[in-house]
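# What the coordinates show
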Amino acid sequence: MMEEYISTGMVSQLTGEAPQRIREKAANGTYIIQRQRSALGGGNSGESYQIAVSSLPAEAQIRYLLRTGALGGQGAEADLTAYREKYGEAGIQELLARQRAAEAGIAIRRLQKKGCVEQLKGLAAEQGTTVRSLYRWMDGYESQGLAGLMRTVVRKDTGRWRSICPAAYAYAYGLYMTQVKRKKTVVHQMVLERARKLGPEACGDCMYREGSAARAALEAQGEVNHYPPCPFPTGAGLLVPECRQTMDRILGAIPKDELTLARRGKKALKDDCMPMAIRAKPEQVNEVWFGDHHQMDCFVLDEEGKAVRPWLTMWYDAASGFPVGWVLCKKPNTQTIIAAFNNAVLYKKASPSHGLPRMVYVDNGKDYRGKLFETGYQTEVSLGRLNESIDTCSVLQLLHIEVTHALPYQGWSKPVERFFGTIENLYIREAPGWCGDSPEERPEDFSRQLRLMTERGQLWTMDQLFEYLRDTVFPAYWSRPHEGYGGRRPLELYESLPRAREDEPSAELLGVLKNKKQTRKIGQQGVRLNNEIYWDDAMIGHAGEEVTVLYDEEDLSTITVILKGRTLCEASVHERMQMVGEDPEVVAAHQAKQKGYVKGVAERIKRASRYQFALEVDEKRSRGTYTTLEYEKAARGRKAKRAELAEPKDEGPDLMREKLRASGDMVLRRLHERQ
């Protein structure tokens, strides 16, 4: 065959090599070259060189032949990737050798129709094969191109079973692929029973049998191509494997998506098999918050001592993966959503998160579509919605926050679902009363164990679980690297990324959303509510005054204090100092605050006294009691008196004179009495 040469640009496209690398291979003899002079100049003194196709790697040669069409129209359908995956580089080299031998054999057969056998024998010997194989390559190459030279990648009867006929397979498939969820063993027995019942007559009107009335009906409907004809002889009846394990393999080979939809339903198909899009995460903190409820996989004791599974209502920042606000409760509703939202927005000691989101992404559930939280126009008639009527628009409308709802029953569209799974698997499994998220995961004999733990007081309370989440789970979660965020930590991202919004609502605005209120008095330690004491420095100076306290039953971490019709503060649980052994710095800070308070009270008294004296002077002057002259004279007198008092005096001689006078008077009095 005549050698073909191609340009270095074409070689670069076929091999993926840089031009510099191609020139190096040409220089060291790896690539065979031929030089030629170009009429247009260029190259080295008007000369350029081309590369021999035969010296390229085998895969590059095949690509060249496919691109130029030398392999025929069918060559483009050859799956070189799958072929190389199965047979490796040696298989590609073998395929190229077959291609060259087939082309040479075809040329010999066309040019020398007589006496070509001996030349073909010699060519076959050079290739290390037989003349019969060479003829087969030549015929396959002429009819199919490169695909005619390939070894089999998959069997031709792939997808068909040699131990079961199509009709028996269809019957077994129908029995197995229902939500009745029959066992494979039961299906096998039912198919065997049907085969014995029908006997050889089963082939008479089988839709897989050529010439049957059922197949003729399929042809009339244009559906016959979906039902390939039966390869087994007529009159054999339903062919069913006697071995149960064979039927297990047949049914086990059914595609997973078909099996999931038929036996578990559409939701399971979407959850397990449906292709998903990859969404780009927001680039700013607080740009998008995801909100959702989740029932914890553990039991705790409520205030009545009963074992309950608590719920976690969560807001989760999409840009950083940071849990910005949450509430633990017995039953989620609109108010828990609002409480968690308040917790996310306001500053708090246990978390660095704060600020307003630009958008929230929530469920279609009735809680997230509650009147107070979103639209402001829906009637509150559904259980779980807020019962009190508040004359205001919704929270989201007031704060200019956009709302996006997830599609119904498609929870996978919210990353917060993965957050719940992570904390359950890493942390909640260690809690007493863990029950798993399904009956399959539930510990053995769990009901009895739960009863015993409840009786013995071994379960955590709601408060203990709350503290575990606040002090252990969430700090550990936001401090661990996350693969979905390039190995970075949520806390690092939350503190380093730019913020979508800088404005923050005041406690006065968010406090109105709290659904409970009580009247309390401010004590020296703060406001007492539900066995907790709440404090904020704004309470200083108001001890003993009566206030209205707004609070949320589901989130008692803070309360809103109303004094004389105005919001005084947003108070949090008062930190307790140790009876002994407290940090000296903490004690010193507290004492400094107390001294500052005393000094402040004194200053207020002083300011008030000065103000009252000024009022009295102004009043007398307005009545004419004090004239300007008298006022100035009195002022000069006071100034002189202060100066006199300020001067030091030598009172020694005066004191002695007074003592002598007193002694003389006493002597004279006694003499007079004796007379």
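Conventions used here
Residues numbered from 1 in each chain as written. Predicted model: local features only at pLDDT ≥ 70, side-chain atom pairs only at ≥ 80, totals over all residues. Heavy atoms only, no water. Helix = DSSP H or I, 4+ residues; strand = E, 2+ residues; numbered from the N terminus. Polar contact = N/O pair within 3.5 Å; in protein donor to acceptor, adjacent residues only side chain to side chain. Contact = heavy atoms within 4.5 Å. Buried < 20%, exposed > 50% of the residue type's maximum accessible area, 1.4 Å probe, protein only. Lys, Arg positive; Asp, Glu negative; His and termini not counted. Salt bridge = Lys/Arg side-chain N within 4 Å of Asp/Glu carboxyl O. Pairing = 2+ DSSP bridges. Axes fitted to C-alpha atoms, helices over the stretch in contact; angles between N-to-C directions. Parallel < 35°, antiparallel > 145°, perpendicular 65-115°, else oblique. Left-handed = near helix turned anticlockwise from the far one by under 90°. Nonpolar A, V, L, I, M, F, W, Y, C, P; charged D, E, K, R; others polar.

### What about the side chain of Ser353?
Along the polypeptide, Ser353 turns up in the loop between helix H13 (334–345) and strand E9 (359–362). In terms of polar contacts, Ser353 uses its side chain to reach the backbone carbonyl oxygen of Val324, at 2.8 Å. Looking at Ser353, its side chain comes within polar contact range of the side chain of Ser351, at 3.0 Å. When near neighbours in sequence (up to four residues on either side) are disregarded, Ser353 contacts Phe322, Val324, Ala344, Leu346, Lys348 and Tyr494.

### Section: the side chain of Glu424
Structurally, Glu424 is set in helix H16 (residues 416–426). In this structure Glu424 is buried but unpaired, with Arg309 as the nearest side chain of opposite charge at 6.3 Å. Within polar-contact distance, the side chain of Glu424 engages the side chain of His294 at 2.7 Å.

### Focus on the sheet that holds strand E15 (residues 555–563)
Strands sit in the order E11-E14-E15-E16-E13-E12 across an open sheet of 6 strands; the sheet is antiparallel. Both edges of this open sheet fall to strand E11 (516–521) and strand E12 (527–529), since each of them pairs with a single strand only. This sheet shows a mean twist of 35 degrees between the axes of neighbouring strands, independent of strand direction.

### Observations regarding the packing of helix H7 (residues 166–176) against helix H8 (residues 184–198)
It is the contact of H7 with H8, at a shortest axis distance of 10 Å, that shows an interaxial angle of 140 degrees. As the angle between them shows, H7 and H8 are arranged oblique. In the packing of H7 onto H8, the handedness of the crossing is right-handed. Facing H7, whose interface residues are Ala168, Tyr171, Ala172, Leu175 and Tyr176, H8 presents Lys184, Val187, Met190, Val191 and Arg194. Along the lines of polarity and charge, the residues of the contact of H7 with H8 split into 8 nonpolar, no polar and 2 charged.

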